[in-house]
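Coordinates in review
Listed here are the chains, written in short residue letters.
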Protein chains: 2
Amino acid sequence: MKDTIHLLVSFDENYIPPFKTMLYSIVRNHPGERFHVWLLHGGMPEAALEVVSAFCRAQGAAFDAAAVDRAWFEHAPVSKQYPQEMYYRLLAAHILPPSLSRVLYLDPDILVINSLRPLWEMDLKDCVFAAASHSCMPEVMNGVNRYRLDTDHDYYNTGVLLMDLDKARRQVVPQEIFDCVRERALQLVLPDQDVFNALYGRCTAPLDDRVFNYDARRYRTYQLKNGGACTIDWIMRSTAILHFCGKEKPWKKGRSTMLGTLYKHYMVQAQKCSQGDIAPPSSSP
Amino acid sequence: MKDTIHLLVSFDENYIPPFKTMLYSIVRNHPGERFHVWLLHGGMPEAALEVVSAFCRAQGAAFDAAAVDRAWFEHAPVSKQYPQEMYYRLLAAHILPPSLSRVLYLDPDILVINSLRPLWEMDLKDCVFAAASHSCMPEVMNGVNRYRLDTDHDYYNTGVLLMDLDKARRQVVPQEIFDCVRERALQLVLPDQDVFNALYGRCTAPLDDRVFNYDARRYRTYQLKNGGACTIDWIMRSTAILHFCGKEKPWKKGRSTMLGTLYKHYMVQAQKCSQGDIAPPSSSP
């Protein structure tokens with residue numbers, strides 16, 4: 001019997017539909033696996049929480065929600081694109097129950113098309129986290145970020161974050177995060193990601209982004225960087241996590257891309273489940 | 001309790017992998033539905049039949065195979081692209097058990113992404129069959145085919161064929177098919193399809209090809225013909241059957257298209273099921 005995979009998510013009401021698409025894609029592509037979804041939120045209304053909870057139950061996944069005290073982050077830089085909820089993942093170790101020793105954080109703008117288990121079972125050795133830097137980001141941007149944040153590693157994307165919670169409980173000091181956000185408020189470009197890189201980049205194990213955090217905007221760049229090896233065939237077979245980063249979201253109407261089409265298919269199927277148009281899958285025990 | 005949907009397929013060993021992809025896409029997108037697969041074949045080896053049977057069982061679908069006497073078609077025009085098995089669908093009513101009153105024939109180069117039930121429950125009225133003509137075929141080709149086959153209807157594609165077997169048992173005369181094949185051998189372009197159109201086009205109800213037999217090569221043409229309305233969003237929501245007609249098959253390695261990417265995703269997942277890499281879905285009761 002495989003152990004349950006614990007997923008951490010954090011979003012506001014606007015992101016419930018993409019979350020559904022993501023969870024649907026996970027459950028559909030993991031027959032025989034069990035999932036437990038943990039939602040950290042900043043006071044989501046009860047009705048909205050019930051929508052998320054009901055969808056998880058229908059997909060055969062366990063669900064728990066924890067409200068984070070919004071006052072903790074009242075001085076953090078936020079905007080519509082970067083809501084407060086983005087920071088919660090950094091504090092997860094201190095909010096999730098002590099019995100939980102590992103969790104996989106996922107942004108809600110993700111589609112999962114192959115198994116998460118190799119990532120879930122990854123040996124983190126001395127590291128607290130595992131994350132990917134986007135290899136298709138221009139080299140100069142990595143340089144800028146190293147200088148800007150005073151780090152000596154590539155710039156990690158925090159959309160996919162495996163966490164050793166036992167180690168994080170010891171090494172992540174909430175006050176350090178608050179100080180970092182407050183002191184650097186003006187120079188933070190991608191706020192939570194900058195904080196993560198500045199404070200915890202050194203204790204993060206690197207993941208292959210082509211497998212566990214594929215930037216779905218960059219199909220051509222991956223192809224060029226990998227000498228043509230990152231074909232659609234390769235991606236469909238090898239990539240577990242497609243991450244639809246950036247402002248052009250795949251759930252928007254209009255033109256689509258090769259990977260965006262796949263997203264829209266899962267989105268429609270997840271919506272049908274929500275509407276009771278088709279019965280929920282019983283693929284999870 | 002919904003009634004079982006009976007699917008008819010007919011192919012040789014080479015088409016087992018695409019059949020698996022098709023059935024996998026059907027089962028995944030029809031939670032709560034039951035399927036029974038009927039295979040008409042021209043003497044497939046026992047080992048190959050067992051592969052098909054095991055895959056159907058693993059997907060929760062019932063399976064039966066019937067060997068057709070190959071001698072029946074010894075004078076029919078065949079080629080590698082048009083194997084003898086292509087004709088079997090025309091004779092299905094006389095081969096399938098008399099208790100079966102309706103069946104849905106599907107080519108194996110198909111992906112099913114939305115519910116087949118509206119098609120399955122279609123009222124055929126006085127018609128024996130339902131099929132789609134490809135609306136994105138140039139109008140002049142419809143004219144050529146009307147003249148060539150002496151018909152007064154659009155040219156039906158036989159890759160998706162709903163059959164009222166009770167009526168077909170009365171109206172489809174095997175000898176007429178054999179005569180038609182023999183007499184017109186030299187002028188048949190797409191042999192079985194030409195025979196179907198010439199003999200049974202008049203008793204066929206037209207289907208909307210955009211929903212039940214979308215020609216996956218023609219995305220741009222559908223867009224043009226429908227004033228931009230056949231977007232990827234529309235297709236993902238409304239199209240049930242994507243038909244990858246023609247020689248450029250989506251399972252081939254190399255360049256992909258928007259709909260071909262979706263195909264490859266399902267293909268990989270179906271292959272994993274076959275290899276026991278992931279457990280079979282238990283979504284069908």
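Here's a quick rundown of the structure. Everything numeric in this text was worked out from a predicted model, so none of it was measured. (Residues numbered from 1 in each chain as written. Chains lettered and ligands numbered in written order. Predicted model: local features only at pLDDT ≥ 70, side-chain atom pairs only at ≥ 80, totals over all residues. Heavy atoms only, no water.)

Comments concerning the nonpolar core
The biggest cluster of nonpolar side chains holds 127 residues, and the ones touching the most others in it are A:I241 and B:I241. Excluding its chain neighbours within four sequence positions, the residues that come into contact with A:I241 are A:L106, A:I110, A:L111, A:V112, A:L116, A:L119, A:V160, A:V211, A:F212, A:N213 and A:Y214. (Core = buried A, V, L, I, M, F, W, Y, C linked by side-chain atoms within 4.5 Å. Buried < 20%, exposed > 50% of the residue type's maximum accessible area, 1.4 Å probe, protein only. Contact = heavy atoms within 4.5 Å.)

Some words on the environment of B:D164
Residue and element names in this part refer to chain B. With respect to the element layout, D164 can be found in strand β7 (residues 156-164). As a C-alpha pair, D164 and D126 span 38 residues in sequence and 9.9 Å in three-dimensional space. Of the polar contacts made by the side chain of D164, one reaches the backbone nitrogen of D166; its length is 3.1 Å. (Helix = DSSP H or I, 4+ residues; strand = E, 2+ residues; numbered from the N terminus. Polar contact = N/O pair within 3.5 Å; in protein donor to acceptor, adjacent residues only side chain to side chain.)

Focus on the sheet that holds strand β10 (residues 241-243) of chain A
Hydrogen bonding along the main chain pairs the strands of a sheet, whether they run parallel or antiparallel. One open sheet holds the three strands; their spatial order is β5-β10-β9 (chain A), and the pairing between them is mixed. Two strands close off the open sheet at either side, each with one partner strand: β5 (110-112) and β9 (214-215) of chain A. (Pairing = 2+ DSSP bridges.)

Quick word on empty space enclosed by the protein
Applying the stated criterion to the full structure yields three cavities of 30 Å³ or more. Forming the walls of the largest cavity are A:Y24, A:R28, A:N29, A:H265, A:Y266, A:Q269, B:Y24, B:R28, B:N29, B:H265 and B:Y266. Every element with two or more residues in the lining of the largest cavity is listed here: α1 (16-28) and α12 (258-275) of chain A together with α1 (16-28) and α12 (258-275) of chain B. Per-element tally for the lining of the largest cavity: the top contributor is α12(A), with three residues. In terms of residue class, the lining of the largest cavity is made up of four nonpolar, five polar and two charged. (1 Å grid on protein atoms, 1.4 Å probe; cavity = no way out; pocket = protein on both sides within 12 Å on 5 of 7 lines; lining within 4 Å. Points joined across faces, edges and corners; volume = space filled by probe spheres on them. Nonpolar A, V, L, I, M, F, W, Y, C, P; charged D, E, K, R; others polar.)

Let's talk about the sheet that holds strand β2 (residues 35-41) of chain A
Residues and elements named next belong to chain A. With respect to topology, seven strands assemble into an open sheet ordered β3-β2-β1-β4-β7-β6-β8, the strand pairing being mixed. Pairing within the sheet leaves two strands with one partner each, and these edge strands are β3 (62-67) and β8 (204-207). Pairs of neighbouring strands in the sheet enclose a mean axial angle of 25 degrees, with direction left out of account. Pairing between strand β6 (residues 129-133) and strand β7 (residues 156-164): four bridges, direction antiparallel. Within β7, the residue paired with S133 across the bridge is Y156. Along the sheet, α1 contacts β1 (5-9), β2 and β4 (102-106); its crossing angle with β1, the most-contacted strand, is approximately 165 degrees. Sheet strands in contact with helix α8 (residues 191-200) are β6, β7 and β8, and its direction is about 55 degrees off that of β7. (Axes fitted to C-alpha atoms, helices over the stretch in contact; angles between N-to-C directions.)

Side note on the interface of chain A and chain B
Taken together, the contacts link 33 residues of chain A with 33 residues of chain B. Both sides together, the interface formed by chain A and chain B hides about 2800 Å², and carbon and sulfur atoms give 53% of it. Taken together, the connections running from chain A to chain B amount to two salt bridges. Salt-bridge contacts for A:K264 lead to B:D233; the nearest nitrogen and oxygen are separated by 3.1 Å. On the surface where chain A and chain B come into contact, there are 15 residue pairs in polar contact (both at pLDDT 80 or more). Of all the elements in the fold, those that place two or more residues in the side of chain A that touches chain B are α1, α11 (232-238) and α12 of chain A. For the side of chain A that touches chain B, the leading source of residues is α12(A), giving eleven residues. In terms of residue class, the side of chain A that touches chain B is built from 14 nonpolar, twelve polar and seven charged. (Buried area = accessible area lost by both parts, 1.4 Å probe. Salt bridge = Lys/Arg side-chain N within 4 Å of Asp/Glu carboxyl O.)

Digging into the layout of surface pockets
The space that makes up the largest pocket amounts to roughly 1500 Å³. What lines the largest pocket is a set of 46 residues, and nearest its centre among them are A:T257, A:M258, B:S256, B:T257 and B:M258. Grouping the amino acids of the lining of the largest pocket by side-chain chemistry returns 16 nonpolar, twelve polar and 18 charged.

Topic: the packing of helix α7 (residues 174-183) of chain B against helix α8 (residues 191-200) of chain B
Residue and element names in this part refer to chain B. At a minimum axis distance of 10 Å, the contact between α7 and α8 shows a crossing angle of 120 degrees. As the angle between them shows, α7 and α8 are arranged oblique. For the crossing formed where α7 meets α8, the hand is right-handed. Residues E176, I177, C180 and V181 of α7 touch α8, and the partners they reach there are V195, L199 and Y200. When its residues are assigned to classes, the contact of α7 with α8 shows six nonpolar, no polar and one charged. (Parallel < 35°, antiparallel > 145°, perpendicular 65-115°, else oblique. Left-handed = near helix turned anticlockwise from the far one by under 90°.)

A look at the pairing of strand β3 (residues 62-67) of chain B
Residue and element names in this part refer to chain B. Sheet topology note: the strand β2 (residues 35-41)/β3 ladder contains six bridges and is parallel. Bridge assignment links L40 to a residue of β3, and that residue is A66. For the crossover from β2 across helix α2 (residues 46-58) to β3, the handedness is right-handed. (Right-handed = clockwise from strand over helix to strand, strands pointing away.)

With respect to unusual backbone geometry
For A:K125, which is not glycine, the phi torsion reads 50 degrees and is therefore positive. Along the chain, the position of A:K125 falls in the loop between α4 (117-120) and β6.

So, the relation of the copies chain A and chain B
Rotating chain A by 180 degrees and moving it 0.0 Å along the rotation axis overlays it on chain B with an RMSD of 0.0 Å. This pairing of chains is accounted for by a two-fold axis. Looking at the rotation axis and the C-alpha trace of chain A, the residue lying nearest is A:M258, at 2.1 Å. An overlap of 100% is found between the interface residues of chain A and their copies at the interface of chain B, pointing to a shared contact surface. (Least-squares fit on C-alpha atoms with pLDDT ≥ 70 in both.)

Looking at the packing of aromatic side chains
Between two aromatic rings, the relevant description is the distance of the centres plus the angle of the planes. What the rule picks out here adds up to 18 aromatic pairs over all chains. Ring centres 4.2 Å apart and planes at 20 degrees place the aromatic pair A:Y214 and A:Y222 in the stacked group. Owing to a relative accessible area of 0%, A:Y214 belongs among the buried residues under this scheme. Between B:F129 and B:Y200, the ring centres sit 5.8 Å apart and the planes meet at 55 degrees, which makes this aromatic pair tilted. Remark: B:Y200 occurs in helix α8 and B:F129 occurs in strand β6 (residues 129-133); sequence separation between them is 71 residues. Considered together, B:F129 and B:Y200 belong to a single accessibility category, that of buried residues. In textbook terms, an aromatic cluster arises when at least three aromatic residues are bridged by ring pairs, as seen for A:Y15, A:F244, A:W251 and A:Y263. (Phe/Tyr/Trp six-rings, centres within 6.5 Å; stacked < 30°, edge-to-face > 60°.)

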